[in-house]
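Structural overview
Here is what each chain is made of, one letter per residue.
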Amino acid sequence: MHYICIYREAEKLAIAHKTSSTLEGLLSRDSERMVATRLYQAIYTLLVFCNMIISGRGVDFPYVTRLVNLTYLHYAVRQGAVCLDGSPPAYQFDKGFGDGVNNWLIFLEGGGWCDTTEDCLNRILLNGMGSSTNMFPKNFTGMTSNEQSLNPYFYNWNRVYVRYCDGASFTGNNFDPVHKLYYKGAKIFNVVVKDLLAKGMKNASNALLSGCSAGGLAAVLNCDKFRSLLSTNTRVKCASDAGYFPHLKDVLGGFSFAKYFDNIVTLHGSAKNLPKSCTLKMKPRSLCFHPQYSLPYVETPLFIINSAYDTYKIANILAPNLTNLPKSWETCRSNTTTCLTPDHVETLKEFRLGFLDALPKLANSSFRGMFITSCLIHCQYHLQQSWNGDDPRFRLHNEAISKALGEWYYDKSAVQRIDYENDLPRVCLTL
């Protein structure tokens, strides 16, 4: 059975490699980076699984190979709720059981953004990031696992993995008639939630909206909307994994990532779907795409899971892909484990302090929970080492993310964990 997991990951890797070869010479630099990132993730997942097997720890068959079929909302096309290429939105739905039948976890897939027409067209050609026509089912692991030992608080909830195909964190509402590009992320979010309400979520006792990376940002930006669509009798909260993208300077002193976000918001027409209390005050309105500015206006309880040394943020906010980027930072951004030379250390420390300063001021409130590590990692919901604390390096105060979020969700603890002991990046996951 273990070999099936390796085959699955190898199959995904082959598809990604074939895609990247087919697109050679056509992709923009951002799209090339996306292909490289997806290749890295596929190889990395494969090596993690193999390492666990070789080390004798093994991997439970349900954890590795549990695939849930895709549900396509074909009727949504008539409502204009479509992917970039006009194909229908999709999600994967694993039904709850036992005392979790009336509880719902909605998880929003991540996968970056597109900020230009060319980039969005390229995104359609990639593996399911702009179209549902070439999506393949993804494993339910970590936060979406149905195994109690692997996911103690949410294992028997109704777990929904909403696939990402709009390129603007489920916020867009625009259309490009020339290139036939549909920027309809906000409509996708609405139609998916309403579809789930009809399938039983309207009677939910508990509901949690979450997501990773671009999906984690979407969980922040759509948190209050999600709350408004559910019954007032439902306990509703949100959680963002690696979705806290701060407004910080890069190593050259500019705000290149903020310009990137501004391009996304403009292209997709996202401003009208950002928190209005924020957009009325912030100029440009695209600053509200940054959680540090939009989160103060979110009225629903929200939990932040992130690393102060998030690898994506180091490689894209601190050391972005600029033509005049110093060579030492080019090396660092391509392999963040090399970022500990004397040339990097002080800059990295300043970046960490800037990230921590951009977090909401919590005091003793349980309204905002958080779990902020110093690990070199991006997204922690899907690996058992990080999600359920199988590897102690991912714990804070000897507490795993899964327990921290679960205790916070059920109002058992005002969990606000920040790793103040390590002011340098930590390599927490090794192969």
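Residues numbered from 1 in each chain as written. Predicted model: local features only at pLDDT ≥ 70, side-chain atom pairs only at ≥ 80, totals over all residues. Heavy atoms only, no water.

Points about unusual backbone geometry
Inclusion rule: Here a strand is any run of E in DSSP of at least two residues, a helix any run of H or I of at least four, and the numbering for each starts at the N terminus. Buried, partly exposed and exposed residues are distinguished by accessible area as a fraction of the type maximum, computed with a 1.4 Å probe on protein chains only: under 20%, between the cut-offs, and over 50%, respectively.
Residue Pro284 is bonded to the preceding Lys283 through a cis peptide linkage, with omega at -5°. By the secondary structure assignment, Pro284 is in the loop between helix H9 (276–279) and helix H10 (291–294). Positive phi outside glycine occurs at Ser169, with the angle close to 55°. Assignment of secondary structure puts Ser169 in the loop between strand E4 (158–162) and strand E5 (174–176). Overall, Ser169 belongs to the buried group, its relative accessible area being 0%.

Let's talk about the pairing of strand E8 (residues 235–241)
Our working rule: When DSSP finds two or more bridges between a pair of strands, those strands are recorded as paired.
Counted residue by residue, E8 has six buried out of seven residues, so it is predominantly covered. Direction of pairing for strand E7 (residues 206–212) relative to E8: parallel, over a ladder of seven bridges. Its bridge partner being in E8, Leu208 is matched across the sheet by Lys237. As judged from the four bridges shared by E8 and strand E9 (residues 302–307), these two strands associate in the parallel manner. Following the sheet pairing, Ser240 is matched in E9 by Ile304.

Regarding the nonpolar core
Rules: We call a set of buried Ala, Val, Leu, Ile, Met, Phe, Trp, Tyr and Cys residues a nonpolar core when their side-chain atoms join them within 4.5 Å.
Of all hydrophobic cores here, the largest spans 81 residues; its most connected members are Ile106, Trp113, Met201 and Phe226. Among the elements that take part in this core, helix H5 (residues 185–198) stands out by supplying seven residues, more than any other. In this structure, Ile305, Trp387, Leu396 and Ala404 belong to the second largest nonpolar core, which totals 26 residues.

Some words on the state of the cysteines
Note the threshold: In this description, a disulfide is simply a cysteine sulfur pair whose atoms lie within 2.5 Å.
Tallied over the entire structure, the rule returns seven disulfides. Cys114 shares a disulfide with Cys120; S-S distance 2.1 Å. Judged by the torsion about the S-S bond (90°), the Cys114/Cys120 disulfide is right-handed. For Cys114, a relative accessible area of 0% translates into the label buried. Across a sulfur-sulfur distance of 1.8 Å, Cys332 and Cys339 are joined as a disulfide pair. Taking the torsion about the S-S bond as the criterion, the Cys332 to Cys339 disulfide, at about 100°, is right-handed. Cys332 sits in the buried class, given a relative accessible area of 0%.

Overview of the sheet that holds E4
Going by this rule: Angular values range over 0 to 180 degrees, each being the angle between N-to-C directions of two axes fitted as lines to C-alpha atoms, with helices fitted over their stretch in contact.
Strand order across the open sheet formed by nine strands is E1-E2-E4-E3-E7-E8-E9-E10-E11, with mixed pairing between neighbours. Among the strands making up the open sheet, the edge pair consists of strand E1 (70–72) and strand E11 (416–418). Taken over all neighbouring pairs, the strand axes of this sheet differ in orientation by 20° on average, direction set aside. Across three bridges, the pairing between strand E10 (residues 368–373) and E11 is parallel. Residue pairing in the sheet places Ile372 in a bridge with Ile418 of E11.

Focus on the packing of aromatic side chains
For clarity, the threshold we go by: Side-chain rings of Phe, Tyr and Trp (the six-membered ring for Trp) are treated as a pair once their centres are within 6.5 Å; stacked means planes under 30 degrees apart, edge-to-face means over 60, and tilted covers the remaining angles. Counted as over-ring charges are cases with an Arg CZ or a Lys NZ within 6 Å of the ring centre that also lie within 35 degrees of the ring normal.
Applying the stated criterion to the full structure yields 27 aromatic pairs. Relative to Tyr155, the ring of Phe97 lies with its centre 5.8 Å away and its plane at 65°, an arrangement referred to as edge-to-face. Of this pair, Phe97 sits in the loop between strand E2 (90–94) and strand E3 (103–108) while Tyr155 is found in the loop between helix H4 (117–125) and E4, placing the two residues 58 residues apart along the sequence. With relative accessibility at 15%, the residue Tyr155 sits in the buried group. Counting every residue linked through ring pairs, the aromatic cluster contains Trp113, Phe245, Phe257, Tyr260, Phe261, Phe289 and Tyr312. Between the NZ or CZ atom of Lys237 and the centre of the ring of Trp408, over which it lies, the distance is 4.5 Å. Directly above the ring of Phe245 sits Lys313, whose terminal nitrogen or CZ lies 4.2 Å from the centroid.

Quick look at the side chain of Ser386
Definition in use: A 3.5 Å cut-off defines polar contacts: any pair of N or O atoms within that distance qualifies, except that in protein one atom must be a possible hydrogen donor and the other a possible acceptor, and neighbouring residues in sequence count only when both atoms are side-chain atoms. By definition, residues are in contact when any of their heavy atoms lie within 4.5 Å.
For Ser386, the position within the fold is in helix H14 (residues 384–387). Within the local environment of Ser386, its side chain forms a polar contact with the backbone oxygen of Leu383, the two atoms lying 3.1 Å apart. Not counting chain neighbours up to four residues away, the residues in contact with Ser386 comprise Gln380, Phe394 and Ile401.

Some words on the packing of helix H12 (residues 327–334) against helix H13 (residues 342–358)
As a reminder, the rule being used: Orientation categories follow fixed angle ranges, with anything under 35 degrees roughly parallel, anything over 145 roughly antiparallel, 65 to 115 roughly perpendicular, and all other angles oblique. Should the near helix be turned anticlockwise from the far one by less than a right angle, the crossing is termed left-handed; should it be turned clockwise, right-handed. Residues are grouped as follows: Ala, Val, Leu, Ile, Met, Phe, Trp, Tyr, Cys and Pro are nonpolar; Asp, Glu, Lys and Arg are charged; every other residue, Gly included, is polar.
Look at H12 against H13: their axes get within 10 Å of each other, and the N-to-C directions meet at 70°. Looking at the two axes, H12 sits roughly perpendicular to H13. Taken as a pair, H12 and H13 cross one another with a handedness that is right-handed. In this structure, H12 uses Ser328, Trp329 and Cys332 to contact H13, whose residues at the interface are Asp343, His344, Thr347 and Leu348. Split into classes, the residues belonging to the contact of H12 with H13 amount to three nonpolar, three polar and one charged.

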